[in-house]
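# Structural characterization, general
The primary structure of each chain is shown beneath.
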Amino acid sequence: MSLNINDLTDIVAGFLLGDKKPDNLNQKKAVKSLGKRIFLSDYDIRKMLIPGEKILEVPSNAIISPLSLDWIDFNGIKVVYKDSPR
């Protein structure tokens, strides 16, 4: 499996943000809730998306950052809002 620039960025950011080891690249990530709404940054979006997948499921109350929206549009990814479990 070869790494691309996004994978390397995730690994470096993970170490800088305090992760002790790189995450498995093919594993979906859960995003912590910030009150009633969830803010999804570019880093969070890339962690939630499985490599090669073109559909991203996010909670219905999610706020997606403008940078993330640009990245999603550039890569042709479809965002599907789903109800989050209560």
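Structure first, text after, so check above.
Below or above, wherever it landed, is the structure these notes cover. None of these values were measured; they are calculated from a predicted model.

What follows is about a nonpolar patch on the surface. On the surface, L3, I5 and L8 cluster together into a nonpolar patch covering about 290 Å² of accessible area. You can see I5 is positioned in helix 1 (residues 5–16).

Our focus in this paragraph is the pattern of salt bridges. Per the counting criterion, the structure on display carries two salt bridges. As a salt-bridge pair, D42 and R46 come within 3.2 Å of each other at their nearest N and O atoms. Taken together, the residues D42 and R46, both in helix 2 (residues 42–48) and four residues apart, mark about one turn of the helix. Given a relative accessible area of 14%, R46 falls into the buried group. In this structure, the salt-bridge partner of K82 is E57, at a minimum N-O distance of 3.6 Å.

A few words on helix 1. Its twelve residues give helix 1 an end-to-end C-alpha distance of 16 Å, which sits within 8% of 16 Å, the value for a rise of 1.5 Å per residue. All buried positions along helix 1 are accounted for by D7, D10 and G14. Projected onto a plane normal to the axis of helix 1, the buried residues spread over an arc of 60° and lie on a single side. Turned more than 90 degrees from where helix 1 packs its buried face, I5 and L16 sit exposed. Here the buried face of helix 1 lies against helix 2.

Conventions we followed
Each chain has its residues counted from 1, running along the sequence as written. Per-residue local features are limited, in this predicted model, to residues with pLDDT of at least 70; the limit for side-chain atom pairs, both in listing and counting, is 80 or more; totals at the level of whole chains, interfaces and linings are taken over all residues. Only hydrogens and water are removed before side-chain values are computed, so all heavy atoms of the structure are retained for them. Patch membership is restricted to residues that have no salt bridge and whose relative accessible area is over 30%. Joining uses 9 Å for like charges and 5 Å for the nonpolar side chains Val, Leu, Ile, Met, Phe, Trp and Tyr. Exposure was quantified through the Shrake-Rupley algorithm and a 1.4 Å probe, taking into account, for residues, occlusion by the shown protein chains and nothing else. A pair is scored as a salt bridge if a Lys or Arg side-chain nitrogen falls within 4 Å of a carboxyl oxygen belonging to Asp or Glu. Segments assigned H or I by DSSP are reported as helices when at least four residues long, segments assigned E as strands when at least two residues long, and all are numbered from the N terminus. Each residue gets one of three labels from its accessible area relative to the maximum for its type: buried under 20%, exposed over 50%, partly exposed in between, using a 1.4 Å probe on protein chains only. To estimate how far a helix should extend, the number of its residues minus one is multiplied by 1.5 Å. The arc in question is the one traced by the directions running from the helix axis out to the C-beta atoms. Residue contacts are defined here by distance: any two heavy atoms, one from each residue, within 4.5 Å place the two residues in contact.

Spatial relationships are all this shows, so hold off on functional conclusions.
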